[in-house]
Amino acid sequence: MAKHKIVIKVTMPNAKSRAGAMVLAAKTNGVISIAIAGDLKDRLEVVGEGIDITCLVHCLRKKVCRHAEILKVEEVKDKKPEEEKKKKPEPCGCPAPCLCAAAYHQTPLQVFSCEESPAFGCNIL
């Protein structure tokens, strides 16, 4: 199942009603995270898998406020695998272990080069 982000506009005039809405959403099956958003703090953002949206909105209308409407439902894609691929440094191609690990933490002023021969290792230019 894919994660979904659901934005629900809820009439929450005070902190007590906002807390009640968050508690109710937290008790819903499949919810991973909850947040209050919007300039007027009138939007409830719920992220989770397999959430029964109609049941959640119905419960919000019944127990917290009289007006609750679904504004947006979108699929959330994990960005972690893409970020991990970018962070992993590529090997320098030296046949033997060398000091190339220092090249991955270089400052912009240093330039590193690796020779193909294991006798040369890595040199800082």
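Our structure is the block above this text.
Residues numbered from 1 in each chain as written. Predicted model: local features only at pLDDT ≥ 70, side-chain atom pairs only at ≥ 80, totals over all residues. Heavy atoms only, no water.

1. Some words on the overall build of the protein chain
Thinking step 1. A count of helices and strands for the protein chain gives three helices and six strands.
Thinking step 2. Its helices and strands taken in sequence order, the protein chain reads β-α-β-β-α-β-α-β-β from the N to the C terminus.
Thinking step 3. When burial is assessed residue by residue, the protein chain has 24% of its 125 residues classed as buried.
Thinking step 4. In the protein chain, once contacts between residues fewer than 6 apart in sequence are set aside, the share between residues at least 24 apart is 50%.
Thinking step 5. Of the accessible surface of the protein chain, which amounts to about 9200 Å², a share of 55% is contributed by carbon and sulfur atoms. (Helix = DSSP H or I, 4+ residues; strand = E, 2+ residues; numbered from the N terminus. Buried < 20%, exposed > 50% of the residue type's maximum accessible area, 1.4 Å probe, protein only. Contact = heavy atoms within 4.5 Å. Areas by Shrake-Rupley, 256 points an atom, 1.4 Å probe, with all protein chains shown as cover.)

2. Points about the side chain of Ser 17
Thinking step 1. Within the fold, Ser 17 resides in helix α1 (residues 15-26).
Thinking step 2. What makes Ser 17 buried here is its relative accessible area of 13%.
Thinking step 3. In this structure, Ser 17 is in contact with Met 12 and Val 64, ignoring residues within four places of it in sequence.

3. Brief notes about the pairing of strand β2 (residues 31-37)
Thinking step 1. Pairing of β2 with strand β3 (residues 43-49) involves six bridges; the strand directions are antiparallel. For Ser 33, the partnering residue across the bridge sits in β3 and is Val 47. (Pairing = 2+ DSSP bridges.)

4. What to know about the nonpolar core
Thinking step 1. By size, the foremost hydrophobic cluster in this structure holds 16 residues, and its most contacted members are Ile 8, Val 10, Leu 44, Val 46, Leu 56, Leu 60 and Ala 68.
Thinking step 2. Of all elements in the fold, only β1 (3-10), α1, β3 and α2 (53-63) reach the threshold of two or more residues within this core. (Core = buried A, V, L, I, M, F, W, Y, C linked by side-chain atoms within 4.5 Å.)

5. Description of the pattern of salt bridges
Thinking step 1. All told, the structure shown has two salt bridges when counted by the stated rule.
Thinking step 2. For the salt bridge of Glu 45 with Lys 5, the shortest nitrogen-to-oxygen distance reads 3.8 Å. Here Lys 5 lies in strand β1 and Glu 45 lies in strand β3, a separation of 40 residues in the sequence.
Thinking step 3. Residue class for Glu 45 comes out partly exposed when judged on its relative accessible area of 23%.
Thinking step 4. Since its relative accessible area comes to 22%, Lys 5 is described here as partly exposed.
Thinking step 5. Two residues, Arg 43 and Asp 42, come together in a salt bridge whose shortest N-O distance is 3.7 Å.
Thinking step 6. Judged by relative accessible area, Arg 43 falls into the partly exposed class, the value being 33%. (Salt bridge = Lys/Arg side-chain N within 4 Å of Asp/Glu carboxyl O.)

All quantities given are derived from atomic positions and should not be read as evidence of function.
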